[in-house]
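Fold and geometry: a report
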Amino acid sequence: MRASAEDWTHAEPGKLDVFSELARFTRVCAYDRPGTPAGDAPSRSDPVPQPVTAGDAVADLHALLAAGGITAPFVMVAHSYGGLIARLYAMTYPDQVKGMVLVDTLSEGLQDAETPEEWAIQRVLLNGDLTEALRLYPPIERADAERSFDQIRAAAPLKQMPLIVLSADRPWGPLIPKLIADGVLPANTPSDFGYVTDRAQKEAQAQLAALVAGARHVTNTDSGHEIHKDQPQLVVDSIREVVVAVRNGKASLDSQ
């Protein structure tokens, strides 16, 4: 959320450039959704009314692929909120998406694993404090998670395909008190809420790995939320494995 293509095309200092590595063995495309600033500059895409949903992003992506003459089949790779978009795209256009890699993605399973009271807090934390950002750039991307979850729940099930789910394994629990003290999180955030998120996210990630038969769930990633930055080689290797499986006509990673 709020991350431009630079999140994939610029390497962290001393780290592998995921985008360039992928380009060695397949055509790779990244794009800027509306409201996703590029560095200190506003989004390179035209502004749209906010907040948006995964369904809005799916419509944009479908139009973008058509306008760009980028033909199927696709392997979708997504991080965080992008996972809702990738999944909904694959469920909406099942003949186009033949494989997927989900990098510590958000899912409706997070809401399902929390009580209504917990979710009310989680929902606030998902978007974070945008007071200053909205002052500087009003059309900055904001996602309506609940409406997006409802769109996912209403869509056709994900069809069988090679799928790898990568999950962060560095806990949020111990970090929350300092984030509150530093003003990153609202002062009224419960200091132990990171452990609630950790528990719910663990359940949600397992639910993603059960979407199709033969999916691989990698939980030992030695990474925080941004696995593509913390462990870029793992992400490159995972995408390569799915691309090779798709090229070989496999419907799952374990099919012969």
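Residues numbered from 1 in each chain as written. Predicted model: local features only at pLDDT ≥ 70, side-chain atom pairs only at ≥ 80, totals over all residues. Heavy atoms only, no water.

Before going further, it helps to examine helix H8 (residues 145-154). For H8, every residue scored as buried is listed here: Ala145, Ser148, Phe149 and Ile152. Looking straight down H8, one finds that the buried residues subtend no more than 100° of arc, so they occupy a single side. (Buried < 20%, exposed > 50% of the residue type's maximum accessible area, 1.4 Å probe, protein only. Helix = DSSP H or I, 4+ residues; strand = E, 2+ residues; numbered from the N terminus. Arc of directions from axis to C-beta.)

Further remarks concern the packing of aromatic side chains. Per the stated rule, a full pass over the model turns up 2 aromatic pairs. Residues tryptophan 119 and phenylalanine 149 carry aromatic rings whose centres are separated by 5.7 Å and whose planes lie at 45° to one another, so their mutual orientation is tilted. In this pair, tryptophan 119 is assigned in helix H6 (residues 116-127) and phenylalanine 149 in helix H8, connecting sequence segments 30 residues apart. Like phenylalanine 149, tryptophan 119 is buried. (Phe/Tyr/Trp six-rings, centres within 6.5 Å; stacked < 30°, edge-to-face > 60°.)

This part is about the pairing of strand S3 (residues 74-79). Bridge analysis of S3 against strand S4 (residues 97-103) gives 6 bridges, and the strand direction is parallel. Bridge pairing in S4 places valine 75 opposite glycine 99. A crossover connection joins S3 to the parallel S4 through helix H4 (residues 82-92); in handedness this β-α-β unit is right-handed. (Pairing = 2+ DSSP bridges. Right-handed = clockwise from strand over helix to strand, strands pointing away.)

Here the focus is unusual backbone geometry. Here the amide bond leading from glutamine 50 into proline 51 is cis, since omega sits at 0°, within 30 degrees of zero. Positionally, proline 51 belongs in the loop between strand S2 (41-43) and helix H3 (54-67). In this model, arginine 2 sits at a positive phi of 65°, which is unusual for a non-glycine residue. Tracing the chain through its elements places arginine 2 in the segment before helix H1 (6-9).

All right, on to the side chain of arginine 33 then. Tracing the chain through its elements places arginine 33 in the loop between helix H2 (18-22) and strand S1 (37-38). Those residues in contact with arginine 33 that sit more than four places away from it in its chain are Met1, Arg2, Ser43, Ser45, Ala57, Tyr81, Ile85 and Glu141. (Contact = heavy atoms within 4.5 Å.)

As a further point, take the packing of H6 against H8. Relative orientation of the contacting elements H6 and H8 amounts to 105°, with a least axis distance of 11 Å. The angle between H6 and H8 falls in the class roughly perpendicular. Note on element contacts: H8 touches H6 through Ala145, Glu146 and Phe149, opposite Trp119, Arg123 and Leu126. When grouped by side-chain class, the residues that make up the contact of H6 with H8 number 4 nonpolar, no polar and 2 charged. (Axes fitted to C-alpha atoms, helices over the stretch in contact; angles between N-to-C directions. Parallel < 35°, antiparallel > 145°, perpendicular 65-115°, else oblique. Nonpolar A, V, L, I, M, F, W, Y, C, P; charged D, E, K, R; others polar.)

These values are about where atoms sit, not about what they do.
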